[in-house]
Amino acid sequence: MDFRGTDLISIADLSKEAIYEVLDVAREMTPIARGEMMDERLKGKVLATLFFEPSTRTRLSFESATQRLGGRVLSFGMPEATSITKGETLADTVRMVEAYSDILVLRHPQEGAARLAAEFSEKPVINAGDGAGQHPTQTLLDLFTIWDEKEVIEGIRVVLLGDLKYGRTVHSLAYALALLGAELTLVAPPTLQMPREIVDLVRELGREPKQVEDPREAIKDADVLYVTRIQKERFPDPQEYLKVAGSYRIDLPLLRDGRKDLIIMHPLPRVKEIAPEVDRTPHALYFRQAFNGVPVRMALLSLILGA
Amino acid sequence: MKELKVTPIKNGTVIDHITTGMALKVLKILGIGENIASTVSVVIHVPSAKKSWKDILKVEDRELSPREVDKIALIAPDATINIIRNYSVAEKYRVQVPDVARAILQCANPSCITNSDEPLETEFLVKSKDPLRVRCKYCERELEDIASNLL
């Protein structure tokens, strides 16, 4: 796929081949992301970040990715300090910022905001999360983490566990994993099950996700365990929350039933879903996953800017 | 006894084969309310040769715009439009569900960007025509209740 000048709004914009192209380039970028090699292919390029919502990992890793490749970053502090508070539309903000930069990265609380930005901007737009909607660069870094560790994605067994209803990362990830031929097992409390729409999408790709209640049962033959945060505010009754959160907690006794090469991922921040003692086991991949945001975003910037 | 107590019209439009129960919504699409100058006949729940039941609308002195026809197609995909001139059918065609519904539907997702004050038109991609399923181009959510979200 020729990425030059294209927008990245939704993971569904990318074919299987295009996804693997990003993963290949991300692997080449890894030593540069670690600072072991120098590269200045984005020299003279300016990336504008428009973050209308707080973010730590996504924003920092986009900035790190740009600077590791010799580019510069332009951003505003808090949205309160801009003309947004004067009632400026997103469309106008985008038209202004594109005049100052070569590529735009947008995070916005409203779904579809990135699609709108792409329509008003001549410069490429990367969606860094729009409300409960899409967050394609997170999906790509999740895929990269699995592929980099397991060498393949087709045929591997992935368990998605936790809040599968509201967690936006798992929706795009479930779609992308199905597209690449992984086998999915879904484990969620009854009130936080994967939406029917997403399960239908997975089925349209020819995959039948397994639904399992018991986490212990689910991880038995899994290659990857992807854990998401169960948010307290989703439960009207705090007792119910404690009960659910307790039964979905990943700890050492639970992992005894798992494979030796099982990898555990989490989009972070985690609260109590994974016990800290798990961090010291070879299963824990979530911090490497967070680092992988940098090479994956370097790959995208390099491909889109044709550098 | 005559089955339909509705007289033929001289000039205007007859919308036939409306999905039964949708006639009042079609009236709304046409903006027919209290202030009307011409005769409008509404026939609800009559036997149909194609499907078991249908609704019919006869609107005198009025021909429909393409936008109105597109909207009707979304709630009554089997409807036929008969344009009557001087008591005879001058034109007859079946409505067609468009591939893309532009500026005729509103997204039901309150946090969709199309529901904020941005300079854009809504756009829904038709995923399936039978049964009709549409998806917002912006927030990518499927619209559950199409009839209630017509603009």
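The text that follows walks through the structure, step by step, so that each part is easy to find. Think of each chain on its own: its residues are numbered from 1, step by step along the sequence as written. All chains are assigned letters beginning at A, and all ligands numbers beginning at 1, according to the order in which they are written. Owing to the predicted nature of the model, reporting of local features is limited to residues with pLDDT of at least 70; listing and counting of side-chain atom pairs is limited to 80 or more, with chain, interface and lining totals taken over all residues. Hydrogen atoms and water are omitted, and side-chain values are computed over all heavy atoms in the structure.

1. Focus on the overall build of chain A
And then number 1: Comment: elements are numbered from the N terminus, with helices defined as DSSP H or I runs of at least four residues and strands as E runs of at least two. A tally of helices and strands in chain A yields 11 helices and 9 strands.
And then number 2: Each radius of gyration is computed over the set of C-alpha atoms, and the globule rule expresses the reference value as 2.2 Å times the number of residues to the power 0.38. The C-alpha atoms of chain A give 19 Å as radius of gyration, which agrees with the globular expectation for 307 residues (19 Å, within 12%).
And then number 3: Counting only residues that meet the buried cut, chain A has 57% of its 307 residues in that class.
And then number 4: Computed over 39 positive and 46 negative side-chain charges, the separation of the two mean positions in chain A equals 4 Å. Note on classification: 1.4 Å probe, protein chains only; a residue is buried when its accessible area is under 20% of the maximum for its type, exposed when over 50%, partly exposed between these limits. When charges are counted, neither His nor the chain ends are considered; positive counts come from Lys and Arg and negative counts from Asp and Glu. Where a charge lies is defined by one atom per residue type, namely NZ (Lys), CZ (Arg), CG (Asp) and CD (Glu).

2. Some remarks on the interface of chain B and chain A
And then number 1: A contact between two residues is defined here by any heavy atoms of the two lying within 4.5 Å. Residue-level contacts link 16 residues of chain B with 17 residues of chain A.
And then number 2: Accessible surface is computed with a 1.4 Å probe, and the buried area is the amount of it that two parts give up when combined, taken over both parts together. Carbon and sulfur atoms supply 43% of the area that chain B and chain A bury against each other, a total of about 1500 Å² over both sides.
And then number 3: The largest per-residue losses of area from chain B upon contact with chain A belong to Ile113, Tyr138 and Glu140 of chain B, which jointly make up 35% of the total buried on that side.
And then number 4: By definition, a salt bridge exists where a carboxyl oxygen of Asp or Glu is found within 4 Å of a side-chain nitrogen of Lys or Arg. Remark: the boundary between chain B and chain A carries 3 salt bridges.
And then number 5: Residue glutamate 140 of chain B is joined to arginine 115 of chain A by a salt bridge in which the shortest nitrogen-to-oxygen separation is 3.3 Å.
And then number 6: Counted as a polar contact is a pair of N or O atoms within 3.5 Å, where, for protein atoms, one must be capable of donating a hydrogen and the other of accepting one, and residues adjacent in sequence contribute only when both atoms are in side chains. Summed over the shared surface of chain B and chain A, the result is 11 residue pairs in polar contact (both at pLDDT 80 or more).
And then number 7: A breakdown of the residues in the side of chain B that touches chain A according to their chemical character gives 6 nonpolar, 3 polar and 7 charged. Classification used: nonpolar for Ala, Val, Leu, Ile, Met, Phe, Trp, Tyr, Cys and Pro, charged for Asp, Glu, Lys and Arg, polar for all others including Gly.

3. Describing the pattern of salt bridges
All names here are of chain A.
And then number 1: For the structure on display, the rule yields 32 salt bridges over all chains.
And then number 2: One salt bridge connects arginine 4 with aspartate 2, and the closest N-O pair in it is separated by 3.1 Å.
And then number 3: Since its relative accessible area comes to 56%, arginine 4 is described here as exposed.
And then number 4: Given a relative accessible area of 48%, aspartate 2 falls into the partly exposed group.

4. As for a nonpolar patch on the surface
Residue and element names in this part refer to chain A.
And then number 1: On the surface, Leu74, Met96 and Tyr100 cluster together into a nonpolar patch covering about 280 Å² of accessible area.
And then number 2: Looking at the element boundaries, tyrosine 100 is found in the loop between helix H3 (90–98) and strand S3 (103–108).
And then number 3: The exposure class of tyrosine 100 is exposed, given its relative accessible area of 52%. Residues qualify for a patch when their relative accessible area is over 30% and they have no salt bridge, like charges being joined within 9 Å and the nonpolar side chains of Val, Leu, Ile, Met, Phe, Trp and Tyr within 5 Å. In this description, accessible areas are obtained by the Shrake-Rupley approach with a 1.4 Å probe, and a residue is regarded as covered only by the protein chains that are shown.

5. A look at the layout of surface pockets
And then number 1: Taken as a whole, the largest pocket encloses approximately 840 Å³ of empty space.
And then number 2: Points on a 1 Å grid over protein atoms alone make up a cavity when a 1.4 Å probe fits among them but cannot get out, and a pocket when they form an open set with protein on both sides within 12 Å along at least five of seven lines; lining residues each have an atom within 4 Å of a point. Forming the boundary of the largest pocket are 32 residues, of which Glu197 and Ile198 of chain A together with Cys139, Glu140 and Arg141 of chain B lie nearest the centre.
And then number 3: Every element with two or more residues in the lining of the largest pocket is listed here: helix H6 (168–179) and helix H7 (196–204) of chain A together with strand S7 (123–129) and strand S8 (132–136) of chain B.
And then number 4: Among the residues forming the lining of the largest pocket, the class breakdown is 14 nonpolar, 6 polar and 12 charged.
And then number 5: Here the lining of the largest pocket spans two domains, since at least three of its residues come from each of domain 1 (11–134 + 293–304) and domain 2 (136–290) of chain A.
And then number 6: What the second largest pocket holds in volume is close to 720 Å³.
And then number 7: Lining the second largest pocket are 33 residues, with Arg168, Thr169, Arg229, Leu268 and Pro269 of chain A sitting closest to its centre.
And then number 8: Elements with a contribution of two residues or more to the lining of the second largest pocket: helix H2 (57–68), helix H5 (136–150), H6 and helix H11 (286–304) of chain A. Grid points are joined across faces, edges and corners, and a volume is the space filled by probe spheres set on the points. Marked domain ranges trace back to an automatic or database domain assignment.

6. Brief notes about the sheet that holds strand S6 (residues 183–187) of chain A
All names here are of chain A.
And then number 1: Should DSSP find at least two bridges between two strands, the strands are regarded as paired. Strand order in this open sheet of 5 strands is S7-S6-S5-S8-S9, and the pairing throughout is parallel. The two strands at the open ends of the sheet, each matched to only one other strand, are strand S7 (210–211) and strand S9 (263–265).
And then number 2: Both S6 and S7 contribute to a ladder of 2 bridges, which runs parallel. Within the sheet, the bridge partner assigned to threonine 185 lies in S7 and is lysine 210.
And then number 3: Sitting on the sheet, H6 is in contact with strand S5 (157–161), S6 and strand S8 (224–227), with an inclination near 165° to S5. Fitting a line to C-alpha atoms yields each axis, with helices limited to the stretch in contact; the angle taken between N-to-C directions then spans 0 to 180 degrees.

7. Quick word on the packing of aromatic side chains
All names here are of chain A.
And then number 1: Stacked, tilted and edge-to-face are the three classes applied to pairs of Phe, Tyr and Trp rings, where Trp contributes its six-membered ring and a pair requires centres within 6.5 Å; stacked means planes under 30 degrees apart, edge-to-face means over 60, and tilted covers the rest. Under the counting rule described, the total for this entry stands at 2 aromatic pairs over all chains.
And then number 2: A ring pair is formed by phenylalanine 144 and tryptophan 147, whose centres lie 6.1 Å apart and whose planes are at 45°; its orientation type is tilted. Placement of the pair is phenylalanine 144 and tryptophan 147 together in helix H5, with a separation of 3 residues, close to one helical turn. With respect to burial, phenylalanine 144 and tryptophan 147 carry one shared label: buried.
And then number 3: Over the ring of tryptophan 147 we find arginine 27; its NZ or CZ atom is 4.0 Å from the centre of that ring. Here, a charge over a ring is recorded when the distance from Lys NZ or Arg CZ to the ring centre is within 6 Å and its angle to the ring normal is within 35 degrees.

8. Details of empty space enclosed by the protein
And then number 1: In this structure the tally under the stated criterion is 1 cavity of 30 Å³ or more.
And then number 2: Of the voids in this model, the largest cavity is the one considered here, and its volume is about 30 Å³.
And then number 3: Taken together, Ile9, Arg115, Asp130, Gly133 and Gln134 of chain A together with Tyr138, Cys139 and Glu140 of chain B make up the lining of the largest cavity.

9. Some details on the pairing of S8 of chain A
All names here are of chain A.
And then number 1: Covered by surrounding structure in S8 are Val224 and Tyr226 together with Leu225 and Val227, the residues of both alternating faces.
And then number 2: Where S5 and S8 come together, 4 bridges link them in parallel fashion. Residue pairing across strands places leucine 161 opposite valine 227, the latter belonging to S8.
And then number 3: Looking at chain direction, S8 and S9 are connected through 3 bridges and run parallel. Pairing of leucine 225 across the sheet is with isoleucine 264, part of S9.

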